[in-house]
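Observations on the model geometry
Read off the chains here:
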Amino acid sequence: MVSTSQPPKEVVDGDEKWKGEDPTRRAKWWYATFHSVTAMIGAGVLSLPYAMAYLGWGPGTMVLFISWCMTLNTMWQMIQLHECVSGTRFDRYIDLGRYAFGEKLGPWIVLPQQLIVQIGCDIVYMVTGGKCMKKFMEMACVNCFEVKQSYWILIFGSIHFFLSQLPNFNSVAGVSLAAAIMSLSYSTIAWFGCLSRGRIENVSYAYKETSVQDSMFRVFNALGQISFAFAGHAVVLEIQATIPSTPEKPSKVPMWKGAVGAYFVNAICYFPVALIGYWAFGQDVEDNVLLNLKRPAWLIASANLMVVVHVIGSYQVYAMPVFDMLERMIRKRFNFPDGFCLRFITRSTYVAFTIFVGVTFPFFGDLLGFFGGFGFAPTSYFLPSIMWLVIKKPKRYSFNWFINWASIFVGVFIMLASTVGGLRNIVADASTYTFYT
């Protein structure tokens, strides 16, 4: 077991100003709520009915509820571990990883998973934003010239060349608040639209008729789609880092208050969309439930526009920690001066990369499953539990000990199954797809 008697020197040195006047640490608990909502509720909520179509009523509802409970527990663990060493704040997932697993091993365990989550989300949001912009224009202007999906992804991505120049989390607070409001709005439109439309004719809740092999992989992919829906852990420490903290008023109190608020919003979005969407369309539901809804046209068009606004904010929430890491690395290795030039080159390159991948592989449901399993299952389901066991060392065979090991076993299974399922489905769908159309 790695010794955890002293925090990494880099963490201590990097956080000398945490007690005082750092202008980046002035956020309130409600900032944590809407940042968390923006990070958590996104493209994944619209795919939940599609995941239900492969899992069925019983297993689908159970997996959704267990995931909600497990990830709320691991969110609480991350918040508690943020200041588990007196006088030190672990502002980034990698800092906590170094403390838990050691200076050499920690980054190799934590950083790849976190980057997969953050970059994977931004790629999926590129696809989602482009698709929803295309859908909005088709519904708002029936006689307009049809523009290819790839161009819509490029248009959506171009917005981020400008927004990515905002310096930090606090500077995107307004965008994040708008995104959080939009997520609640379009989720409500999705389930209310399904409810008011009613069940389609000859609706079927039987499992989709495919080969046994294909059905198994699609079930695995559905687990990843649900995992993708429970995001936020990859940036929770960065969000908490914006909240001021003193020994008398530690940041974990307002941060937990904000997290509970975010999970409440999460519940009133996820469960109605998943259950009512599946009830309305059964096995014929699309991987984006809004695509099933046609009437009223103005309302569904508005919902698609709300998704666009939301994923604009979500993209920035996930991109900010990546920007910070890339800029620190370039400054350190190449002695590149800080300022607009560094920010422009680094951030524009990252945005261009996510646009390229999003245009090349626009498989919405498959991307959710793959990134959900490969990235979100570790960061949201079991890495916090492993770090809790290493740092807090709960008594063996205690209730806390069993809960953490259960999270680890369930999370590892979801990671392996959904990664295999998502990758296989990407390969299968790519074989019939004409690229850059």
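Structural notes, computed from the coordinates. (Residues numbered from 1 in each chain as written. Predicted model: local features only at pLDDT ≥ 70, side-chain atom pairs only at ≥ 80, totals over all residues. Heavy atoms only, no water.)

1. Remarks on the overall build of the protein
Within the protein, the secondary structure is distributed over 15 helices and zero strands. With 437 residues in all, the protein has 58% of them scored as buried. Looking at the protein as shown, the accessible area adds up to about 18500 Å², and 67% of this sits on carbon and sulfur atoms. (Helix = DSSP H or I, 4+ residues; strand = E, 2+ residues; numbered from the N terminus. Buried < 20%, exposed > 50% of the residue type's maximum accessible area, 1.4 Å probe, protein only. Areas by Shrake-Rupley, 256 points an atom, 1.4 Å probe, with all protein chains shown as cover.)

2. Concerning the pattern of salt bridges
Taken as a whole and judged by the stated rule, the model has eight salt bridges. A salt bridge links Glu-146 to Lys-134, with the shortest nitrogen-to-oxygen separation between them at 3.8 Å. With Glu-146 in the loop between α6 (105-140) and α7 (149-163) and Lys-134 in helix α6, this residue pair connects regions lying 12 residues apart in the sequence. Across the pair Asp-338 and Arg-331 runs a salt bridge, and its minimum N-O distance is 3.5 Å. The exposure class assigned to Asp-338 is exposed, which follows from its relative accessible area of 59%. Exposure remark for Arg-331: the relative accessible area of 27% places this residue in the partly exposed category. (Salt bridge = Lys/Arg side-chain N within 4 Å of Asp/Glu carboxyl O.)

3. Quick notes on a nonpolar patch on the surface
Taken together, the side chains of Met-62, Phe-65 and Ile-66 present a nonpolar region at the surface, about 290 Å² in accessible area. Along the polypeptide, Phe-65 turns up in helix α4 (residues 57-81). Residue class for Phe-65 comes out partly exposed when judged on its relative accessible area of 47%. (Patch = residues over 30% accessible without salt bridge, like charges linked within 9 Å, V, L, I, M, F, W, Y side chains within 5 Å.)

4. What to know about the packing of aromatic side chains
If you walk through the whole model with that rule in mind, you get 17 aromatic pairs. In this structure an aromatic cluster arises from ring pairing among Tyr-397, Trp-401, Phe-402, Trp-405 and Phe-409. The ring of Trp-388 has Lys-392 sitting right over it, with the charged end atom 5.6 Å from the ring centre. Between the NZ or CZ atom of Arg-396 and the centre of the ring of Tyr-397, over which it lies, the distance is 6.0 Å. (Phe/Tyr/Trp six-rings, centres within 6.5 Å; stacked < 30°, edge-to-face > 60°. Lys NZ or Arg CZ within 6 Å of the ring centre and 35° of its normal.)

5. Points about the nonpolar core
By size, the foremost hydrophobic cluster in this structure holds 120 residues, and its most contacted members are Phe-230, Tyr-270 and Tyr-318. Looking at this core element by element, the count peaks at 18 residues for helix α12 (residues 297-334). (Core = buried A, V, L, I, M, F, W, Y, C linked by side-chain atoms within 4.5 Å.)

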